[in-house]
Amino acid sequence: MKIDYKETTSDLLARINIHEKYGTRNIDDWMIATIPLKEGMKILDVGCGAGKQCFSYFDTLHGKAEIVGGDVSAELLAKAHEENSKRKTDIVFTALDFNQPFDFEDNTFDLASCSFAIYYAEDIPFTIKEMHRVLKQGGYLFTTGPMPENKQVFYDIIKEATGKTIPPMPGSSRYSTEILGAVKSLFSHTDVIIFENPLTFDEAEPFLIYTRASLSEDRKLWTSFFENKDEFEVVMQKIQSIAEKRIEQEGKIVMTKVVGGILAQK
Ligand SMILES: C[S@@+](CC[C@H](N)C(=O)[O-])C[C@H]1O[C@@H](n2cnc3c(N)ncnc32)[C@H](O)[C@@H]1O
């Protein structure tokens, strides 16, 4: 499946910021508690974006690990490099396209992670196989993605605003099925751990910032909604009035993120 997708730096950072401000729980803390991290590990983070997970591993392991972050976006890698210099950390950030064979030897890493990215792969089994190949025997794969019930209210409001059916999202429609299946078929042991994080908005504005950053990220998937830029703005205005009405009536909008963590051992 070819997915025409490019994450923009500002959209990704806008969503991360909204999660940090309005979420009840911290997903980075959950990941750190879930992944069996150990000092001395060799770690590869695939689709690392601006390096959020890599920095979190580095801090947890007090820098006593070899960490590599790979991403296809030169813009996000530049952000990661900037942060690496600012923090004086020695994480290696490198170009990596997960639709191509990875430029690493077999049996290299103790942990391969991929957070909110794998479902954009053109050929999921190929990408999982590459992650499996570069892992040492006994090494861990950890990946996160949205479950089908993820942020239901977000889709309900868009549906109400447009009267249209929501197209299947590559994440929530594939994560707990195709991706989990591909992992199970290769790894000797696989667990699924669920993380729920309600984001509570008592005003419409942050919800709209989140919506804009999500819809523009996935704009290519919403072609029936937005054929041109004007249409995007018209839809955003409708979403705004529905969100404002809900807040007036119910006092808040609670959007629950439901994330699946897949932890597997080679
Ligand atoms: C939602 S972001 C997640 C970034 C980061 N893991 C995080 O959680 O903050 C998805 C990431 O997947 C990356 N990505 C998309 N297609 C890719 C590809 N073909 N190869 C590698 N990375 C890709 C994007 O550039 C982006 O950084």
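Residues numbered from 1 in each chain as written. Predicted model: local features only at pLDDT ≥ 70, side-chain atom pairs only at ≥ 80, totals over all residues.

Caption draft 1: Layout of the site of the ligand. Gly47, Gly49, Val72, Ser73 and Ala117 are the nearest of the 20 residues found near the ligand. Taken together, the residues of the shell around the ligand sort by class into ten nonpolar, six polar and four charged. (Near = placed C-beta within 6 Å. Nonpolar A, V, L, I, M, F, W, Y, C, P; charged D, E, K, R; others polar.)

Caption draft 2: Representation of the packing of helix α2 (residues 27-34) against helix α3 (residues 52-60). Interhelical geometry of α2 versus α3 gives an angle of 55° and a closest axis separation of 11 Å. Considering the angle they form, α2 stands oblique to α3. Viewed along their axes, α2 and α3 form a crossing whose handedness is right-handed. Within the contact between the two elements, α2 uses Asp28, Met31 and Ile32 and α3 uses Lys52, Gln53, Ser56 and Thr60. (Axes fitted to C-alpha atoms, helices over the stretch in contact; angles between N-to-C directions. Helix = DSSP H or I, 4+ residues; strand = E, 2+ residues; numbered from the N terminus. Parallel < 35°, antiparallel > 145°, perpendicular 65-115°, else oblique. Left-handed = near helix turned anticlockwise from the far one by under 90°. Contact = placed C-beta atoms within 7 Å.)

Caption draft 3: Geometry of the nonpolar core. Of all hydrophobic cores here, the largest spans 50 residues; its most connected members are Ile43, Val46, Ile67, Ala112, Met131, Leu141 and Val183. Counting residues in hydrophobic clusters, the runner-up holds 14 residues, among them Phe154, Ala161, Ile239 and Ile253. (Core = buried A, V, L, I, M, F, W, Y, C linked by C-beta atoms within 7 Å. Buried ≥ 20, exposed ≤ 12 C-beta atoms within 10 Å, placed from the backbone.)

Caption draft 4: Representation of unusual backbone geometry. In this structure, His62 takes a positive phi of about 50° despite not being glycine. Positionally, His62 belongs in the loop between α3 and β2 (66-71). Look at Lys88: it is not a glycine, yet its phi comes out positive at around 60°. Tracing the backbone shows Lys88 in the loop between α4 (74-87) and β3 (92-95). Given 7 C-beta atoms within a 10 Å radius, Lys88 is considered exposed.

Without other data, these values stay purely geometric and don't point to any function.
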